[in-house]
Amino acid sequence: MNIENEFRVIGKPIPRHDAYEKAMGLTQYAADFSLPGMLYGKVLRSPHASARIISIDTSKAKRLNGVRAVLTAKDVPKK
């Protein structure tokens with residue numbers, strides 16, 4: 001039995017229909033879109049890998065122009 005004829009998908013080339021657009025920089029990704037009223041998010045991580053964070057003062061961030069919300073771990077429900 002010839003193994004090449006045994007499988008219809010495994011070991012076969014996958015057609016890349018979007019290869020030209022990606023190579024030419026024409027493909028649009030989610031980050032490329034901008035809609036009216038669209039909000040953006042930013043994540044600020046601790047520069048200290050294993051540090052224990054005692055508290056976070058978010059008052060300055062909340063006062064910045066254009067800021068709609070400031071979230072910390074206390075604001076996100078735990079699983």
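Every value quoted in this text rests on a predicted model; they were computed, and no experiment measured them.

1. Let's talk about the overall build of the protein
Alright, step 1. In terms of helices and strands, the protein carries three helices and zero strands.
Alright, step 2. Scanning the protein from its N terminus toward the C terminus, one meets helices and strands in the order α-α-α.
Alright, step 3. A compact globule built from 79 residues should have a C-alpha radius of gyration of about 12 Å, whereas the protein, at 24 Å, is more than 25% larger.
Alright, step 4. Taking the principal axes of its C-alpha atoms as reference, the protein extends roughly 70 × 35 × 25 Å.
Alright, step 5. For the protein, the proportion of its 79 residues judged to be buried stands at 3%.
Alright, step 6. Accessible area of the protein: about 8,800 Å², with a carbon and sulfur share of 57%.
Alright, step 7. Taking the 14 positively charged and 7 negatively charged side chains of the protein as two groups, their mean positions are separated by 16 Å.

2. Remarks on a nonpolar patch on the surface
Alright, step 1. Nonpolar side chains collect at one region of the surface, where F7, V9 and I10 lie side by side and expose about 310 Å² of accessible area between them.
Alright, step 2. Examined against the element boundaries, I10 turns out to sit in the loop between α1 (3–6) and α2 (19–23).
Alright, step 3. Assessed through its relative accessible area of 58%, I10 is described here as exposed.

3. Looking at the pattern of salt bridges
Alright, step 1. Taken as a whole, this structure holds one salt bridge when the rule is applied.
Alright, step 2. Put simply, K22 and D18 hold a salt bridge, and the shortest N to O gap is 3.2 Å.
Alright, step 3. Owing to a relative accessible area of 46%, K22 belongs among the partly exposed residues under this scheme.
Alright, step 4. Assessed through its relative accessible area of 34%, D18 is described here as partly exposed.

4. Here we look at the side chain of T72
Alright, step 1. Tracing the sequence through the fold places T72 in the segment after α3 (59–63).
Alright, step 2. If sequence neighbours within four positions are ignored, T72 has contacts with I56 and T58.

5. A few points about the layout of surface pockets
Alright, step 1. Empty space within the largest pocket amounts to approximately 1,100 Å³.
Alright, step 2. L44, I56, V70, L71 and T72 are the residues nearest the centre of the largest pocket, which is lined by 30 residues in total.

6. Things to note about the side chain of T58
Alright, step 1. Turning to its location among the elements, T58 is positioned in the loop between α2 and α3.
Alright, step 2. For T58, a relative accessible area of 14% corresponds to the buried category.
Alright, step 3. Look past the residues within four positions of T58 in its chain and what remains in contact with it is V70 and T72.

Rules of the game
Residues numbered from 1 in each chain as written. Predicted model: local features only at pLDDT ≥ 70, side-chain atom pairs only at ≥ 80, totals over all residues. Heavy atoms only, no water. Helix = DSSP H or I, 4+ residues; strand = E, 2+ residues; numbered from the N terminus. Rg over C-alpha atoms; globule rule 2.2 N^0.38 Å. Buried < 20%, exposed > 50% of the residue type's maximum accessible area, 1.4 Å probe, protein only. Areas by Shrake-Rupley, 256 points an atom, 1.4 Å probe, with all protein chains shown as cover. Lys, Arg positive; Asp, Glu negative; His and termini not counted. Charge placed at Lys NZ, Arg CZ, Asp CG, Glu CD. Patch = residues over 30% accessible without salt bridge, like charges linked within 9 Å, V, L, I, M, F, W, Y side chains within 5 Å. Salt bridge = Lys/Arg side-chain N within 4 Å of Asp/Glu carboxyl O. Contact = heavy atoms within 4.5 Å. 1 Å grid on protein atoms, 1.4 Å probe; cavity = no way out; pocket = protein on both sides within 12 Å on 5 of 7 lines; lining within 4 Å. Points joined across faces, edges and corners; volume = space filled by probe spheres on them.

Distances and angles like these do not, on their own, reveal function.
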